[in-house]
Amino acid sequence: MHEHDVIVVGAGGAGLRAAIAAQKAGADTAIVTKLHPVRSHTGAAEGGINAALREGDDWELHAYDTMKGSDYLGDAPAIETLAQDAPEDVIRLEHWGMPFSREEDGRVSQRPFGGLSFPRTTYAGAETGHHLLHTMYEQVVKHGVQVYDEWFVSQLAVTDHDDPEDRRCHGVVGYDVKSGEVAGFKANKGVILATGGPGQVFDHTTNAVSCTGDGQAMAYRAGAPLEDMEFVQFHPTTLPSTGVLISEGVRGEGGILYNDEGERFMFEHGYANNEGELASRDVVARAELTEVGEGRGVDDEYVHLDMRHLGEERIMDRLENILHLAEDFEGVDGLVEPMPVKPGQHYEMGGIETDENGETCIDGLYAAGECACASVHGANRLGGNALPELIVFGKRAGKHAAGEDLGEAEITTGRTDETEPGEVDSPVSLGAVDTSDEDVAADGAAIEGESVVEHAVESERERVNHLLEKDEGVQHAEIRERLQKAMTENVNVFRNEEGLKTALREIRKAREDYQDVYVDDPSRTFNTDLQQTIETRNLIDIAETITLGALARDEFRGAHWRQEHQERKDDEWLKHTLISWDEGSPDLWYKPVVLEGENKTYEPKERSY
Amino acid sequence: MSTQETSAETEDAQPETEPAGSSHQDRRMQEKRERQAERDRQTEADAEAEAAENTVQIKVFRYDPEVEGKQEPRFDDFHVPFEKGMTVLDALIYARDHFDSSLTFRHSCRQAVCGSDAFFINGSQRLGCKTQLVELEEPVRIEPLPHQDVVKDLVVDMQHFYEQMEAVEPYFQEEDLPDAENLEEQRQDPENREKIKMSSRCIWCGACMSSCNIAAGDNEYLGPAAINKAYKFAMDDREGEDLKQHRLNILEQEHGVWRCQTQFSCTNVCPKDIPLTEHIQELKREAVKNNLKFW
Ligand SMILES: Cc1cc2nc3c(=O)[nH]c(=O)nc-3n(C[C@H](O)[C@H](O)[C@H](O)COP(=O)(O)OP(=O)(O)OC[C@H]3O[C@@H](n4cnc5c(N)ncnc54)[C@H](O)[C@@H]3O)c2cc1C
Ligand code: SF4
Ligand code: FES
């Protein structure tokens with residue numbers, strides 16, 4: 001058994017930042033991560049990181065843009081914290097040596113991004129995430145944080161009190177990918193989940209194959225609710241064959257979208273008469289698919305993104321990486337031809353419910369980054385707002401877990417007087433399915449500390465042995481493929497009731513098939529078959545929360561479009577969807593959005609761009 | 001097939017070394033391994049049968065220290081249906097998901113930024129995700145990176161590489177950070193940023209190190225990637241002269257820059273087009289200046 005004060009699961013931007021903060025606050029901190037830190041998905045981020053750094057801009061404007069972008073489903077205390085802390089945290093990155101792009105006077109450059117009223121997106125070429133990730137990993141090395149890399153965390157060690165709010169997280173169970181050893185990690189002060197998004201729920205995604213929503217699924221099964229999972233961002237410019245992202249920076253620098261008839265459709269067909277290509281992502285993604293649907297798509301599948309007019313010099317200076325991506329993954333030379341693009345899954349706005357200090361309703365369990373939902377993105381995330389989220393809330397979670405006093409949180413977590421039950425008219429029974437493993441680790445609320453972890457390790461060993469020893473059945477790849485296809489077909493940019501119900505049926509089927517899953521590879525050494533089998537279970541759980549939330553929300557808000565419900569219903573739906581795992585079946589409930597900020601209350605307005 | 005029957009057949013199977021567990025469990029796992037070996041032989045035959053017209057043949061290096069039949073390294077052939085734009089990584093994923101789920105390799109981003117999937121493809125170090133199948137002669141031979149210990153199939157042990165990367169103290173050393181009242185970034189000339197730009201792109205894939213003859217012969221040689229990492233820091237004006245000296249001192253040590261014999265193999269294989277050899281040469285020149293100044 002390994003023992004530390006703070007255990008951070010995941011080493012992307014959020015995990016690294018949390019670990020640095022916890023270690024600096026005096027806690028003995030360790031990172032447990034299924035990939036070596038520099039392989040984390042944050043390295044793929046391209047466009048930039050928002051922070052109000054300049055004269056003419058301030059945190060209040062940033063907060064306002066974010067609230068509007070969220071379609072009024074963000075919580076003001078979290079959004080204001082994001083906007084207030086971002087400048088300091090971005091400047092700190094610069095002092096840690098991050099190679100930001102520079103202005104002539106030597107200051108860091110900023111550029112315009114969709115939905116922002118000021119060019120506040122600070123960037124490092126079109127590879128901002130790579131530099132952010134490496135810069136922070138360097139600091140982790142410098143500060144001597146212990147890293148367990150290629151350790152896959154498969155379960156949380158949480159007490160099993162009836163009420164999740166009484167539970168406590170004592171650590172995690174990890175599986176050493178290299179040797180197959182299953183071991184406990186006891187956290188004396190806190191566990192921080194920073195495991196990133198669940199993009200692999202869909203088959204056309206910008207997300208890495210490691211983005212399987214593990215942290216979300218584990219927290220969910222341990223009793224922490226998932227919030228607003230139905231809000232999935234589809235990025236309007238991904239390469240059609242692979243899902244590789246063409247950064248919003250291209251449109252920020254002046255790139256233009258054309259349909260097959262050579263029309264600049266964002267204006268000519270009235271999708272966003274003011275902002276055009278720089279309208280927020282949900283607007284542009286729907287516009288593109290509408291063009292394709294109405295027969296004006298190129299090859300009936302995509303549209304064109306043109307940056308040729310920007311000139312080679314500017315492209316090389318600010319978007320060079322984009323040229324390589326278009327060339328290597330689509331065979332297109334962005335200097336001489338327009339790039340084909342279509343929407344692809346990109347970001348999960350929802351996640352593990354946390355307050356603005358990163359804490360969940362389970363004692364000692366924190367979450368930060370894309371896996372968490374402090375509710376800064378609401379129904380639609382603005383480009384460039386995820387990276388500041390990682391560092392702002394990563395840092396806060398790290399400090400809080402290490403025992404620093406950050407003051408009382410304004411956002412409430414768990415069930416309170418304010419929460420209300422939800423219902424959904426679902427086509428399949430949502431009753432319990434035997435998953436042949438325990439979801440909450442302890443077997444008696446009385447046991448504490450080490451024994452909770454030991455117990456979790458034992459149950460995980462059993463599960464792993466069971467999967468390895470079983471000789472025949474279904475393979476995870478088959479289940480996963482069907483699941484991804486069902487989600488992409490039915491729970492995409494455009495949604496309707498029938499499709500959502502079809503998806504739920506398929507998810508239910510995947511869950512049943514999973515009862516019979518087995519791992520063909522018998523080896524303990526680097527058994528990716530086993531790892532992916534466990535990940536597939538996580539994908540099933542996450543897919544279910546996304547689809548259920550979407551079916552219940554009969555309105556049109558942000559990224560969540562419903563064919564039968566073409567309006568935002570503020571009277572009914574200014575509230576967050578919460579789904580928790582209740583003895584094998586999902587339980588749906590709601591809590592109100594917090595629109596009261598520090599100095600003002602944000603009044604919902606029409607979102608026009 | 002029931003577990004009972006097979007256990008009778010393999011009563012006297014040879015025990016293998018493996019992680020601790022109950023002996024009953026051990027025996028069952030042992031049986032499973034044997035059945036796996038049998039199925040493997042079958043998979044190979046199936047794959048051949050599947051070889052239809054529009055397929056690509058890949059030859060993949062296989063090795064697993066634990067599974068009988070794979071302890072001796074060998075090559076497996078897979079015939080993968082070809083689609084336009086398909087990469088070596090796509091072919092491997094297809095083979096794993098459809099033919100043999102035990103086929104093991106690292107990968108994650110699929111877009112040349114995570115650095116996990118550097119393999120030895122048709123005799124050269126490349127990223128699987130960045131290498132189009134159409135560019136390659138068939139059958140496409142995929143092996144683990146040379147000069148690294150193989151853990152299993154295409155997975156190599158990267159520990160030594162990571163250690164070398166960290167040996168050059170790759171982090172800003174300045175402790176004096178701004179606070180909320182004093183929010184100013186350091187100034188950096190755009191030209192200086194341009195100077196370190198290429199070196200900052202390294203994704204730690206290890207291709208350069210694997211291609212380097214000198215690194216192969218001298219385990220302590222820092223190697224092209226680590227030296228390049230140090231270059232980024234040494235050339236960054238923000239850190240100031242003292243730290244630059246400190247960094248050059250690290251690079252001048254016995255197993256540092258002077259080992260490089262400018263064979264350019266690292267530069268040739270780097271998927272991020274980093275001019276590694278050039279950077280090493282520049283550091284040698286800096287080191288000479290350094291010496292003149294101080295000795
Ligand atoms: C292509 C692309 C471009 C983007 N560009 C931008 C941009 O320009 N600006 C912006 O603001 N946002 C951008 N985003 C969004 C942003 O990059 C991500 O939301 C963010 O990087 C997520 O960071 P994270 O730290 O939460 O997770 P990740 O970086 O995904 O890290 C997850 C970590 O968790 C570990 N992990 C996962 N599961 C387990 C497990 N079971 N056990 C142990 N470890 C585990 C992984 O190893 C990894 O270290 C982009 C996203 C993509 C996909
Ligand atoms: S320098 Fe190039 S080849 Fe070497 S590790 Fe870095 S990216 Fe890979
Ligand atoms: S999969 Fe990330 S570099 Fe190839």
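Residues numbered from 1 in each chain as written. Chains lettered and ligands numbered in written order. Predicted model: local features only at pLDDT ≥ 70, side-chain atom pairs only at ≥ 80, totals over all residues. Heavy atoms only, no water.

S.K.: How should the overall build of chain A be read in this particular structure?
M.R.: Within chain A, the regular secondary structure consists of 16 helices and 22 strands. A compact globule built from 609 residues should have a C-alpha radius of gyration of about 25 Å, and chain A, at 23 Å, falls within 12% of that. By principal-axis analysis of the C-alpha atoms, chain A measures approximately 65 × 50 × 50 Å. Per-residue burial for chain A yields a buried fraction of 71% across its 609 residues. Long-range pairs, those at least 24 residues apart, make up 75% of the contacts in chain A between residues at least 6 apart in sequence. On chain A, roughly 18000 Å² of surface is accessible, and the fraction owed to carbon and sulfur atoms is 41%. (Helix = DSSP H or I, 4+ residues; strand = E, 2+ residues; numbered from the N terminus. Rg over C-alpha atoms; globule rule 2.2 N^0.38 Å. Buried < 20%, exposed > 50% of the residue type's maximum accessible area, 1.4 Å probe, protein only. Contact = heavy atoms within 4.5 Å. Areas by Shrake-Rupley, 256 points an atom, 1.4 Å probe, with all protein chains shown as cover.)

S.K.: Help me understand the site of ligand 1, please; the structure alone is not making it clear to me.
M.R.: All names here are of chain A. Close contacts around ligand 1 come from 38 residues, with Ser 40, His 41, Thr 42, Gly 47 and Glu 370 the closest. Here a nitrogen atom of ligand 1 and a backbone polar atom of Gly 48 are 2.8 Å apart. Here Leu 387 contributes a backbone N or O atom positioned 2.8 Å from an oxygen atom of ligand 1. Of all the secondary-structure elements, those providing two or more residues to the shell around ligand 1 are helix H1 (13-24), strand E2 (29-33), strand E7 (151-158), strand E14 (339-348) and helix H11 (386-401). Here the shell around ligand 1 is composed, by residue class, of 16 nonpolar, 17 polar and 5 charged. (Near = heavy atom within 4 Å. Polar contact = N/O pair within 3.5 Å; in protein donor to acceptor, adjacent residues only side chain to side chain. Nonpolar A, V, L, I, M, F, W, Y, C, P; charged D, E, K, R; others polar.)

S.K.: Looking at this model, I keep getting lost on the pairing of strand E8 (residues 169-176) of chain A. Mind explaining?
M.R.: Each regular strand displays side chains that alternate between the two surfaces of the sheet. All names here are of chain A. Burial of E8 is extensive: 8 of the 8 residues sit out of reach of the surface. Where E7 and E8 come together, 7 bridges link them in antiparallel fashion. Counterpart to Leu 156 in the pairing with E8 is Val 172. Here 5 bridges tie E8 to strand E9 (residues 182-193), and the two strands are oriented antiparallel to one another. Along E9, the bridge assignment pairs Gly 171 with Lys 186. Where E8 folds back on E9, the antiparallel hairpin that results is connected by 5 residues, among which Gly 180 adopts a positive phi of roughly 85°. (Pairing = 2+ DSSP bridges.)

S.K.: What exactly am I supposed to notice about the sheet that holds strand E4 (residues 124-127) of chain B here?
M.R.: Strand pairing in a sheet relies on backbone hydrogen bonds, with the paired strands running either antiparallel or parallel. All names here are of chain B. Taken together, the 5 strands give an open sheet; going across it, the order is E2-E1-E5-E3-E4, and neighbouring strands pair in mixed fashion. At either end of the open sheet lies a strand with only one pairing partner, and these are strand E2 (74-81) and E4. Sheet twist, expressed as the average angle between the axes of neighbouring strands with direction ignored, equals 35°. The pairing of strand E3 (residues 118-121) with strand E5 (residues 140-143) spans 2 bridges and is antiparallel. Bridged to Phe 120 within E5 is Glu 143. Where helix H3 (residues 88-98) meets the sheet, it contacts strand E1 (55-62), E2, E3 and E5, and its direction lies at approximately 100° from that of E2. (Axes fitted to C-alpha atoms, helices over the stretch in contact; angles between N-to-C directions.)

S.K.: So what exactly am I meant to see when it comes to the UniProt feature "domain: FAD-dependent oxidoreductase 2 FAD-binding" (unreviewed entry) in chain A here?
M.R.: The UniProt record marks residues 5-387 of chain A with the feature "domain: FAD-dependent oxidoreductase 2 FAD-binding" (unreviewed entry), using the residue numbering of this structure. Strand forms 21% of residues 5-387 of chain A and helix 28%; the C-alpha atoms that close the span are 26 Å apart. (UniProt positions renumbered as here; feature names shortened; annotations may be inferred.)

S.K.: Sorry, what's going on with the packing of helix H5 (residues 190-197) of chain B against helix H8 (residues 223-235) of chain B here?
M.R.: What describes two packed helices is the angle between their axes and the distance between those same axes. Residue and element names in this part refer to chain B. In contact at an axis separation of 9 Å, H5 and H8 are set at 170° when each is read in the N-to-C sense. Taken together, the axes of H5 and H8 are roughly antiparallel relative to one another. Residue-level inspection shows Asn 192, Lys 195 and Ile 196 of H5 in contact with H8, the latter providing Tyr 231, Lys 232 and Met 235. Classifying every residue of the contact of H5 with H8 gives 3 nonpolar, 1 polar and 2 charged. (Parallel < 35°, antiparallel > 145°, perpendicular 65-115°, else oblique.)

S.K.: So what exactly am I meant to see when it comes to the interface of chain A and chain B here?
M.R.: Buried accessible area, meaning the area lost when the parts come together, often serves as the stated size of an interface. In this complex, chain A contributes 80 residues to the contact, which on the side of chain B involves 71 residues. Across the chain A/chain B interface, buried area totals approximately 6600 Å², and carbon plus sulfur atoms make up 45% of it. Applying the counting criterion to the chain A and chain B interface returns 12 salt bridges. Its salt-bridge partner being Asp328(A), residue Lys130(B) comes within 3.7 Å of it at the nearest N-O pair. Linking chain A to chain B there are 43 residue pairs in polar contact (both at pLDDT 80 or more). Looking at the side of chain A that touches chain B, the element that brings in the most residues is helix H4 (residues 128-142) of chain A, giving 8 residues. Residues that form the side of chain A that touches chain B fall into these classes: 27 nonpolar, 24 polar and 29 charged. (Buried area = accessible area lost by both parts, 1.4 Å probe. Salt bridge = Lys/Arg side-chain N within 4 Å of Asp/Glu carboxyl O.)

S.K.: Looking at this structure, I do not really get the UniProt feature "domain: Succinate dehydogenase/fumarate reductase N-terminal" (unreviewed entry) in chain B. What am I missing?
M.R.: Under the feature "domain: Succinate dehydogenase/fumarate reductase N-terminal" (unreviewed entry), the UniProt entry names residues 57-162 of chain B. Split by type, residues 57-162 of chain B is 14% helix and 29% strand. Its first and last C-alpha atoms lie 33 Å apart.

S.K.: Sorry, what's going on with the domain arrangement of chain A here?
M.R.: All names here are of chain A. One can read the domain layout of chain A as domain 1 (2-232 + 346-415) and domain 2 (236-344). Here the C-alpha centroids of domain 1 and domain 2 sit 29 Å apart. The interface of domain 1 with domain 2 comprises 19 residues on the first partner and 25 residues on the second. Buried surface at the junction of domain 1 and domain 2, both sides included, amounts to about 1700 Å², of which 51% is carbon and sulfur. Summed over the shared surface of domain 1 and domain 2, the number is 1 salt bridge. Glu 253 is the salt-bridge partner of Arg 111, the closest N and O atoms lying 3.2 Å from each other. Seen at the junction of domain 1 and domain 2, the total is 8 residue pairs in polar contact (both at pLDDT 80 or more). Residues belonging to the side of domain 1 that touches domain 2 are distributed by class as follows: 5 nonpolar, 10 polar and 4 charged. (Domains from an automatic or database assignment.)

S.K.: Just checking my understanding: could you explain the UniProt feature "active site" (unreviewed entry) in chain A for this structure?
M.R.: Residue and element names in this part refer to chain A. The positions that UniProt labels "active site" (unreviewed entry) are, in the present scheme, Arg 281. Within the secondary structure layout, Arg 281 lies in helix H8 (residues 281-293). With near-sequence residues (within four places) excluded, Arg 281 lies in contact with Phe 113, Gln 233, Phe 234, His 235, Pro 236, Glu 248, His 346, Asn 380, Arg 381 and Gly 383. At 2.5 Å, the side chain of Arg 281 forms a polar contact with the side chain of Glu 248.

S.K.: I would appreciate a short explanation of the side chain of Thr104(B) in the present structure.
M.R.: With respect to the helices and strands, the residue Thr104(B) is situated in the loop between H3 and E3. For Thr104(B), the side chain forms a polar contact with the main-chain oxygen of Ser102(B), separated by 2.7 Å. Leaving out residues up to four positions away in the same chain, Thr104(B) has contacts with Asp521(A), Phe526(A), Thr528(A), Lys152(B), Asp153(B), Leu154(B) and Val155(B).

S.K.: Any chance you could explain the pattern of salt bridges here in plain terms?
M.R.: Where side chains of opposite charge bring their charged atoms close, a pairing between them can arise. Residue and element names in this part refer to chain A. This model, assessed by the stated rule, comprises 78 salt bridges over all chains. When the shortest N-O distance is used, the salt bridge between Glu 353 and Lys 591 registers 2.7 Å. Placement of Glu 353 in strand E15 (residues 351-353) and of Lys 591 in strand E22 (residues 585-592) is noted, with a sequence separation of 238 residues between them. Each member of the pair, Glu 353 as well as Lys 591, is classed as buried. Through salt bridges with shared partners, one network takes in Asp 71, Glu 230, Asp 282, Arg 286, Arg 553, Glu 555, Arg 557, Arg 568, Asp 570 and Arg 607.

S.K.: Hey, could you run me through the pairing of E1(B) in this one?
M.R.: Residues and elements named next belong to chain B. Most of E1 is tucked away, with 6 of its 8 residues classed as buried. Pairing between E1 and E2: 8 bridges, direction antiparallel. Considered in E2, the bridge of Thr 55 is made with Pro 81. Relative to E5, E1 is paired through 3 bridges, and the arrangement is parallel.

S.K.: Is there a simple way to think about the packing of H4(A) against H11(A) in this case?
M.R.: All names here are of chain A. For the pair H4 and H11, interaxial distance at closest approach is 11 Å and the crossing angle is 15°. When the interaxial angle is binned, H4 and H11 end up roughly parallel. The handedness of the crossing between H4 and H11 is left-handed. Here Thr 128, Leu 132 and Met 136 of H4 come into contact with H11, specifically with Leu 387, Leu 390 and Ile 391. (Left-handed = near helix turned anticlockwise from the far one by under 90°.)

S.K.: For this particular structure, what's the right way to read the nonpolar core?
M.R.: A general feature of soluble globular proteins is that nonpolar side chains tend to end up buried together. Grouped together as the largest cluster of nonpolar side chains are 156 residues, with contacts concentrated most on Ile58(B), Leu92(B) and Ile142(B). If you tally residues by element for this core, the top one is helix H3 (residues 76-95) of chain A, at 9 residues. With sequence-adjacent residues up to four places away left out, Ile58(B) is seen in contact with Asp76(B), Asp77(B), Phe78(B), Val80(B), Ala91(B), Leu92(B), Ala95(B), Val140(B) and Ile142(B). The next biggest cluster of nonpolar side chains, apart from the first, holds 85 residues, and it includes Val172(A), Ile362(A), Ala442(A) and Leu467(A). (Core = buried A, V, L, I, M, F, W, Y, C linked by side-chain atoms within 4.5 Å.)

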